[in-house]
Amino acid sequence: MGNEDIGVIIPQQGKVNMRGTITNMVKEQATSTDREEPVVKWINVNSQEGVLKALDNQEYYGSLIIPKDFSQKQSSLMTLKPEKPEIIVFINQGMNPVAATLTGQILNGMGDNLNNGVQTQVLKGLEKQDVSLKADQIDLLIGPVQINVKNVNEVGTESIYILK
């Protein structure tokens, strides 16, 4: 997981950074409760470039990237000029097609959970401020986080089977 979020300063709240919140949420969801190894092992990386290189080297099945402007865009959801924060999901199809499908399901599920968490947080913040929303703002809050899925090392649409 690459978490590049640098945070944002919000008046009367100080610096807000979703980096730790998101990282903890993702790791918590992947933790096994029955002492077995978790299905997903999370490794923190410092840059998207490092993730892409590791994916090309077949080190990871996939990754979830939190861009540096995530907190800034999330805080904008409570303003008159909202911008959707984005997460980037990379799926390494070339490593193992079956694992790629499972990885995609896990990472997209985490994206959905993140969407729900951001939606709840923003709505609570707006409620505290007693703010009325316009229709376009409500529409943004239905799915506040854009999940951008990118396949790397894609497998072709034709499969070749060799029998021995």
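This report concerns the structure included in the present document. (Residues numbered from 1 in each chain as written. Predicted model: local features only at pLDDT ≥ 70, side-chain atom pairs only at ≥ 80, totals over all residues. Heavy atoms only, no water.)

### Focus on the overall build of the protein
Along the protein, the regular secondary structure elements total five helices and six strands. Along the protein, helices (α) and strands (β) appear in the sequence β-β-β-α-α-β-α-β-α-α-β when read from the amino end. Within the span of the protein, comprising 164 residues, buried residues form 35% of the whole. Sequence separation of at least 24 residues holds for 69% of the intrachain contacts in the protein that already meet a minimum separation of 6. (Helix = DSSP H or I, 4+ residues; strand = E, 2+ residues; numbered from the N terminus. Buried < 20%, exposed > 50% of the residue type's maximum accessible area, 1.4 Å probe, protein only. Contact = heavy atoms within 4.5 Å.)

### Here's the deal with helix α4 (residues 97-129)
With 33 residues, α4 ought to run about 48 Å at 1.5 Å a step, and its terminal C-alpha atoms sit 48 Å apart, in line with that. Where α4 terminates, the next one or two residues include Asp130, which has phi positive at roughly 55 degrees. (Expected span 1.5 Å × (residues − 1).)

### A look at the pattern of salt bridges
Scanning the model with the defined rule gives one salt bridge in all. Its salt-bridge partner being Asp69, residue Lys73 comes within 3.4 Å of it at the nearest N-O pair. Classification of Lys73 by relative accessible area gives partly exposed; the value is 21%. Since its relative accessible area comes to 27%, Asp69 is described here as partly exposed. (Salt bridge = Lys/Arg side-chain N within 4 Å of Asp/Glu carboxyl O.)

### Description of helix α5 (residues 135-142)
Listed as buried for α5 are Gln137, Leu140 and Leu141. Projected onto a plane normal to the axis of α5, the buried residues spread over an arc of 100 degrees and lie on a single side. Set apart from the buried face of α5 by more than 90 degrees, the exposed residues are Ala135, Asp139 and Ile142. (Arc of directions from axis to C-beta.)

### Brief notes about the nonpolar core
Counting 19 residues, the largest nonpolar core has Leu64, Phe70, Ile87 and Val118 as the members making the most contacts within it. Those elements that place two or more of their residues in this core are β4 (62-66), β5 (86-92), α4 and α5. When residues in this core are grouped by element, the largest group, seven residues, is from α4. Among the nonpolar cores identified, the runner-up in size contains nine residues, and Leu55, Tyr60, Ile65 and Ile88 belong to it. (Core = buried A, V, L, I, M, F, W, Y, C linked by side-chain atoms within 4.5 Å.)

### Some points on the environment of Lys68
In this fold, Lys68 is placed in the loop between β4 and α3 (70-76). Classification of Lys68 as exposed rests on a relative accessible area of 54%. Separated by 17 residues in sequence, Lys68 and Pro85 have C-alpha atoms that sit 10.0 Å apart.

### Some remarks on the side chain of Ser63
Positionally, Ser63 belongs in strand β4. Ignoring any residue separated from it by four or fewer positions in sequence, one finds Ser63 in contact with Val51, Leu55, Ile88, Val89, Phe90 and Leu107.

### Some words on unusual backbone geometry
Positive phi values are uncommon outside glycine, yet Gln58 reaches one of about 60 degrees. When its relative accessible area of 32% is taken as the criterion, Gln58 is described as partly exposed. We note that Asn153 has phi near 50 degrees; this positive angle belongs to a residue other than glycine. Structurally, Asn153 is set in the segment after β6 (146-152). Assessed through its relative accessible area of 28%, Asn153 is described here as partly exposed.

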